[in-house]
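Read off the chains here:
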Amino acid sequence: MTTIATQRVRLALRALALCAAVLAAACAHRPAPGNAMPFDQAVNQAVDDLMVQTQKLPAFLAKVESTLTQRRIVIDPLLEGASGQQTEVTRVAEQRIVQRMQAQFRQFTVTPFNASEIGSAQYVLNGTLVRDRDASGAPYRLNLALTEIRSGMVIAQSVTRISDATLDTRPTAFFRDSPVNGKDRGVEGYIRTAETQPGQAADALYLERLPTSTVLQEATAAYEAGRMSEALGRYEAASKRPDGQQLRIYSGLYLTQSQLGRTADAEKTFGTIARLGLETNNLSVKFLFKPGSTDFLADPKISAAYPMWLRQIARQAAQIDSCVVVTGHTSRTGSEAVNERLSLQRAVSVKTRLVGEAAPLSKKLRESGMGFRENIVGTGADDASDALDRRVEFKVVSCEA
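The structure presented is a predicted model; accordingly, all values stated were derived computationally and were not measured.

### Structural notes on the overall build of the protein chain
Counting its regular elements, the protein chain contains 15 helices and 10 strands. Long-range pairs, those at least 24 residues apart, make up 73% of the contacts in the protein chain with a sequence separation of at least 6. When the accessible area of the protein chain is evaluated, it comes to approximately 17,700 Å², of which 51% is carbon and sulfur surface.

Pasting the structure below:
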């Protein structure tokens, strides 16, 4: 048997053995979501539940891999479960997770989520904060999962419910400023992994992207700290990786190029964003309108780039053979009937602008209005926290449909 084949067999056997041990540990202690509790207590409880599940695993791990002397965990920044964004409260939750683990579970070393640490980490911890819509009445639910990177197996998962109704769900600066919703297949895999039961495989694409995700996170941290040249270099490095064709990465490139006054580069990058979004049928642009109107917001800090966005969307849409449905969305403010009508009017307005940029699109564009039926956030706050609810989406369809 070849060396590679032997390694594959060993890895497969290890994964099977790990799965059996994890399932046994999970059966011995699988905490069920309890009553809702204040935010800090809920975070601590989620961490404690997660770590208790691992206490039955070290003896097994020592037999399987005697060279495992340190258990190093990287924490992939927590996300808001519906939008896939980092928010002010997910950032606070992450800080509290680190504090709790360092204070109570010193058998683990918690290291930063960056390119230099991911290669030596055995585990990745990820999690989501979800607006709870079940019968418990708790406004939020926190999900945490601990995954062994090498085997791809979730070894522990915990859920707690949060009683606080007023958490700061505003997106952090990068997500607030991003021109499009970057929730793609990899982000969806992250979210699924956070809710995966112990003994089951984490999302494969999510794990595959971890090294690139660390570079993206480093770039985003630099952007939010105002270090634009550093951020640009890291976003460029991420975009050149084999799995770098991601909306979040190109959104970062666009933002930093814009901040540095590289207008031509920024327009080219937005063209790439439009192309990627249409290719993956996932182009959701944050065009913001005046309340009750089809006119864009007059604030140039917000809408000055919109003509360029429309130009690039039109150019990319004109290059494909299929048709494109332009769908307007609104927040939950006002009646359903009014919002249905307004969202359709906004879609028609955007469609007209696109045709003005590329006349052949007149035969390829369709319009649709969803009102607030497909809200992502759903608060009706009409501020930065629910900007995604007021988006315009572009979906590729067959022209015969």
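### Observations concerning the layout of surface pockets
There is about 740 Å³ of room inside the largest pocket. Around the largest pocket, the lining comprises 30 residues; the ones closest to its centre are Asp177, Leu255, Lys301, Ile302 and Trp309. Broken down by secondary-structure element, the contributors of at least two residues to the lining of the largest pocket are α6 (173-177), α11 (247-259), α12 (263-279), α13 (300-303) and α14 (306-318). Computed from the structure, the second largest pocket encloses a volume of approximately 270 Å³.

### Observations regarding empty space enclosed by the protein
If you walk through the whole model with that rule in mind, you get 5 cavities of 30 Å³ or more. Taken together, 17 residues line the largest cavity, and the ones lying closest to its centre are Asp76, Tyr190, Ser213, Leu216 and Arg248. Counting only elements with at least two residues in the lining of the largest cavity, the list comes to α6, α7 (185-194) and α9 (210-224). Here the lining of the largest cavity takes 4 residues from α9, the largest share from any one element. For the lining of the largest cavity, a count of residues per class yields 9 nonpolar, 5 polar and 3 charged.

### Considering the environment of Gly378
Here Gly378 lies in the loop between β9 (365-369) and β10 (392-397). We classify Gly378 as partly exposed; its relative accessible area is 26%. Separated by 46 residues in the primary sequence, Gly378 and Arg332 place their C-alpha atoms 6.3 Å from one another. Contact partners of Gly378, with chain neighbours within four places excluded, come to Arg332 and Asp389.

### Topic: the packing of aromatic side chains
Where two aromatic rings form a pair, the distance of their centres and the angle of their planes describe that pair. Counted by the stated rule, this structure contains 14 aromatic pairs. With 6.3 Å between their ring centres and 85 degrees between their planes, Phe174 and Tyr223 make a pair best called edge-to-face. Pair noted here: Phe174 is in helix α6 and Tyr223 is in helix α9, with a separation of 49 residues, a long-range link. Residue classification places Phe174 among the buried positions, given a relative accessible area of 2%. On the numbers, 5.2 Å between centres and 85 degrees between planes, the contact of Phe287 with Tyr306 is edge-to-face. Highlighted residues: Phe287 in the loop between β7 (283-285) and α13 and Tyr306 in helix α14, separated in sequence by 19 residues. Among the residues examined, Tyr306 registers a relative accessible area of 1% and is labelled buried. Members of the aromatic cluster, each reached through a chain of ring pairs, are Tyr254, Phe270, Phe287, Phe289, Phe296, Tyr306 and Trp309. Residue placement shows Arg71 over the ring face of Phe108; its charged tip is 4.8 Å from the ring centre.

### What to know about the state of the cysteines
With the rule as written, the count across this model stands at 1 disulfide. Disulfide pairing is shown between Cys323 and Cys399; the S-S distance is 2.0 Å. Every disulfide takes its handedness from the sign of the S-S torsion; for Cys323 and Cys399 that torsion is 110 degrees, giving right-handed. Of this pair, Cys323 sits in strand β8 (residues 323-328) while Cys399 sits in the segment after β10; the two residues are 76 residues apart in sequence, bridging distant segments of the chain. Taking the relative accessible area as the measure of exposure, Cys323 reaches 1% and is therefore buried.

### A few points about the packing of α9 against helix α10 (residues 228-239)
Describing two packed helices takes the angle between their axes plus the distance from one axis to the other. The N-to-C vectors of α9 and α10 enclose an angle of 160 degrees; their axes lie 8 Å apart at closest approach. Of the possible angle classes, the one that applies to α9 and α10 is roughly antiparallel. As for the relative orientation of α9 and α10, their crossing is left-handed in sense. Two secondary-structure elements touch here, α9 through Thr212, Val215, Leu216, Glu218, Ala219, Thr220, Ala222 and Tyr223 and α10 through Met228, Glu230, Ala231, Arg234, Tyr235, Ala237 and Ala238. Taken together, the residues that form the contact of α9 with α10 break down as 10 nonpolar, 2 polar and 3 charged.

### Observations regarding α10
Given 3.6 residues per helical turn, the α-helix brings residues three or four places apart onto the same face. In a regular helix each residue adds 1.5 Å, so 12 residues correspond to 16 Å; α10 covers 16 Å between its end C-alpha atoms and thus fits that length. In this structure, the buried side of α10 is in contact with α6, α9 and α11.

### Considerations on the side chain of Thr54
Assignment of secondary structure puts Thr54 in helix α2 (residues 39-54). The exposure class assigned to Thr54 is buried, which follows from its relative accessible area of 4%. A polar contact of 2.6 Å, which involves the side chain of Thr54, links it to the backbone oxygen of Met51. The contacts of Thr54, once residues within four sequence positions are left out, are Phe108, Leu146, Ile155 and Ala156.

### Regarding the packing of α12 against α14
Where α12 meets α14, the axes come as close as 9 Å, and the angle between the chain directions of the two elements is 50 degrees. By the angle between their axes, α12 is oblique relative to α14. Every pair of crossing elements has a handedness; the one defined by α12 and α14 is right-handed. For the pair α12 and α14, contact is made by Ala266, Glu267, Phe270, Gly271, Ala274, Arg275 and Leu278 and by Met308, Trp309, Arg311, Gln312, Ile313, Arg315, Gln316 and Ala317, respectively. Counted by class, the contact of α12 with α14 contains 8 nonpolar, 3 polar and 4 charged residues.

The rules behind each value
- Residues numbered from 1 in each chain as written.
- Predicted model: local features only at pLDDT ≥ 70, side-chain atom pairs only at ≥ 80, totals over all residues.
- Heavy atoms only, no water.
- Helix = DSSP H or I, 4+ residues; strand = E, 2+ residues; numbered from the N terminus.
- Contact = heavy atoms within 4.5 Å.
- Areas by Shrake-Rupley, 256 points an atom, 1.4 Å probe, with all protein chains shown as cover.
- 1 Å grid on protein atoms, 1.4 Å probe; cavity = no way out; pocket = protein on both sides within 12 Å on 5 of 7 lines; lining within 4 Å.
- Points joined across faces, edges and corners; volume = space filled by probe spheres on them.
- Nonpolar A, V, L, I, M, F, W, Y, C, P; charged D, E, K, R; others polar.
- Buried < 20%, exposed > 50% of the residue type's maximum accessible area, 1.4 Å probe, protein only.
- Phe/Tyr/Trp six-rings, centres within 6.5 Å; stacked < 30°, edge-to-face > 60°.
- Lys NZ or Arg CZ within 6 Å of the ring centre and 35° of its normal.
- Disulfide = S-S within 2.5 Å.
- Axes fitted to C-alpha atoms, helices over the stretch in contact; angles between N-to-C directions.
- Parallel < 35°, antiparallel > 145°, perpendicular 65-115°, else oblique.
- Left-handed = near helix turned anticlockwise from the far one by under 90°.
- Expected span 1.5 Å × (residues − 1).
- Polar contact = N/O pair within 3.5 Å; in protein donor to acceptor, adjacent residues only side chain to side chain.

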